[in-house]
Amino acid sequence: MSSASPAPASLPASGPQPAPKAAVPDRDHTTTAPAAAPSEAELLDFVRATAADEQLVASLPLDPDGRTWLRLNGPGGSEAWVIGWPPGTGTGWHDHGGSRGAFATARGELTEESLAARIPTEGWKTLELADGVDRERRLSAGRGRAFGPHHVHQVLNESDGTHAVSVHAYYPPLPLMRRYSRTGALLRLEQIERPGEWE
């Protein structure tokens with residue numbers, strides 16, 4: 001999904017989102033696996049290198065009505081995805097079930113809105129966010145970012161007419177994704193999705 005994310009996503013920028021459309025079967029785009037679990041920096045290196053693979057990025061069918069994706073094998077047992085984002089689509093607020101990850105834009109520009117706060121992964125339904133935790137970054141082609149296991153964000157293609165493409169990697173492979181709604185400072189857990197519900 002950020003999923004994401006290979007994460008389910010589409011259209012409105014908040015609240016639960018429907019799963020994206022599967023476009024094509026999985027692709028194997030492996031690299032030499034490190035001896036240990038990949039770090040955030042290694043995941044970021046992988047997504048940047050993969051985003052620069054013009055042939056792979058061009059192989060992703062684009063759908064004007066919904067997100068499409070290719071599933072890849074990432075480094076060290078991570079899972080990875082190439083995702084197509086039609087204009088005006090986004091993921092809604094979500095986390096990655098405790099996995100760390102990275103993503104990079106291959107085409108177009110994506111906006112990431114995130115929270116600069118360590119959000120607990122369990123034991124709450126509604127949180128009131130402190131002032132000053134909101135962050136926004138625009139990631140044009142070639143730019144990426146890595147994040148840790150407590151990261152909560154949403155990713156948006158705010159363009160009116162340009163399809164964006166990005167590459168995402170997660171370790172360990174996503175065990176689940178939590179989806180949130182947000183009203184002002186209130187972040188509310190709405191849904192927990194498990195693999196198979198977004199693939």
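Residues numbered from 1 in each chain as written. Predicted model: local features only at pLDDT ≥ 70, side-chain atom pairs only at ≥ 80, totals over all residues. Heavy atoms only, no water.

A.B. asks: Quick one: what's the story with the sheet that holds strand β10 (residues 164-171), residue by residue and with numbers?
C.D. replies: Judged by pairing direction, the sheet is antiparallel, and its five strands sit side by side in the order β1-β2-β10-β4-β8 without closing on themselves. Because the sheet does not close on itself, it has two edges, and the strands there are β1 (68-73) and β8 (144-147). Strand after strand, the sheet turns through a mean of 15 degrees between neighbouring axes, direction not considered. Where strand β4 (residues 100-107) lies against β8, four bridges are found, and the strand directions are antiparallel. Its bridge partner being in β8, Ala104 is matched across the sheet by Gly144. Relative to the sheet, helix α1 (residues 40-51) contacts β1, β2 (79-85), β4, β8 and β10, its axis offset from that of β4 by approximately 20 degrees. (Pairing = 2+ DSSP bridges. Helix = DSSP H or I, 4+ residues; strand = E, 2+ residues; numbered from the N terminus. Axes fitted to C-alpha atoms, helices over the stretch in contact; angles between N-to-C directions. Contact = heavy atoms within 4.5 Å.)

A.B. asks: Would you mind going over the environment of Arg71 in detail, with residue names and values included?
C.D. replies: Structurally, Arg71 is set in strand β1. The spatial distance from the C-alpha of Arg71 to the C-alpha of Ala169 is 9.9 Å, given a sequence separation of 98 residues. Polar side-chain contacts of Arg71 include one of 3.4 Å to the side chain of Glu79. (Polar contact = N/O pair within 3.5 Å; in protein donor to acceptor, adjacent residues only side chain to side chain.)

A.B. asks: An account of the side chain of Glu113 is requested, with residue identities and associated values reported.
C.D. replies: Turning to its location among the elements, Glu113 is positioned in strand β5 (residues 109-115). Despite its burial, Glu113 pairs with no opposite charge; the closest candidate is Arg182, at 6.4 Å N-O. (Buried < 20%, exposed > 50% of the residue type's maximum accessible area, 1.4 Å probe, protein only. Lys, Arg positive; Asp, Glu negative; His and termini not counted. Salt bridge = Lys/Arg side-chain N within 4 Å of Asp/Glu carboxyl O.)

A.B. asks: So what about the pattern of salt bridges? Which residues, and what values?
C.D. replies: Summed over all chains, the structure comprises nine salt bridges. A salt bridge links Glu193 to Arg179; its shortest N-O distance comes to 3.3 Å. Within this pair, whereas Glu193 is found in strand β12 (residues 186-193), its partner Arg179 is found in strand β11 (residues 177-183), the two being separated by 14 residues in sequence. Residue classification places Arg179 among the buried residues on the basis of a relative accessible area of 0%. Each member of the salt-bridge network shares a partner with another, and the members are Glu112, Arg137 and Arg145.

A.B. asks: Mind laying out unusual backbone geometry, listing which residues take part and the relevant values?
C.D. replies: Note that the residue after Tyr171, namely Pro172, is joined by a cis bond; omega there is -10 degrees. With respect to the helices and strands, the residue Pro172 is situated in the loop between β10 and β11.

A.B. asks: Explain the pairing of β10 to me, using residue names and the numbers behind them.
C.D. replies: Of all eight residues making up β10, seven are buried, and the element is well covered by its neighbours. Where β2 lies against β10, seven bridges are found, and the strand directions are antiparallel. Looking at β10, one finds that Gly84 is bridged to Val165.

A.B. asks: Break down the side chain of Thr68 for me, with residues and values.
C.D. replies: Looking at the element boundaries, Thr68 is found in strand β1. The exposure class assigned to Thr68 is buried, which follows from its relative accessible area of 4%. Within the structure, Thr68 has its side chain in polar contact with the backbone oxygen of Pro61 (distance 2.6 Å).

A.B. asks: Any chance you could break down α1 for me, citing the residues and the numbers?
C.D. replies: In this model, α1 (12 residues) spans 16 Å end to end at C-alpha, consistent with the 16 Å of a helix rising 1.5 Å per residue. Looking at α1, one finds that the buried residues are Leu43, Leu44, Phe46, Val47, Thr50 and Ala51. For α1, the arc enclosing every buried residue in end-on projection is 160 degrees, short of the 170-degree limit, so these residues lie on one face. Buried residues in α1 make contact with α2 (54-58), β1, β2, β4, β8 and β10. (Expected span 1.5 Å × (residues − 1). Arc of directions from axis to C-beta.)

A.B. asks: Account for the packing of aromatic side chains, with residues named and values stated.
C.D. replies: Inspection of the entire model under this criterion finds three aromatic pairs. Seen in terms of ring centroids, Trp69 and Trp81 are 6.2 Å apart; in terms of plane orientation they differ by 70 degrees. Their pairing is edge-to-face. You can see Trp69 sitting in strand β1 and its partner Trp81 sitting in strand β2, a full 12 residues away along the chain. Since its relative accessible area comes to 6%, Trp69 is described here as buried. With a centroid separation of 5.4 Å and 5 degrees between ring planes, the pair formed by Trp124 and Tyr180 is classed as stacked. Here Trp124 is found in the loop between β5 and β6 (126-128), whereas its partner Tyr180 is found in strand β11, with 56 residues between them in sequence. The pair formed by Trp124 and Tyr180 is uniform in burial state, with each residue classed as buried. The positively charged end of Arg67 is found above the aromatic ring belonging to Trp85, 4.5 Å away from the centroid. (Phe/Tyr/Trp six-rings, centres within 6.5 Å; stacked < 30°, edge-to-face > 60°. Lys NZ or Arg CZ within 6 Å of the ring centre and 35° of its normal.)

Don't take any of this as a statement about function, it's just geometry.
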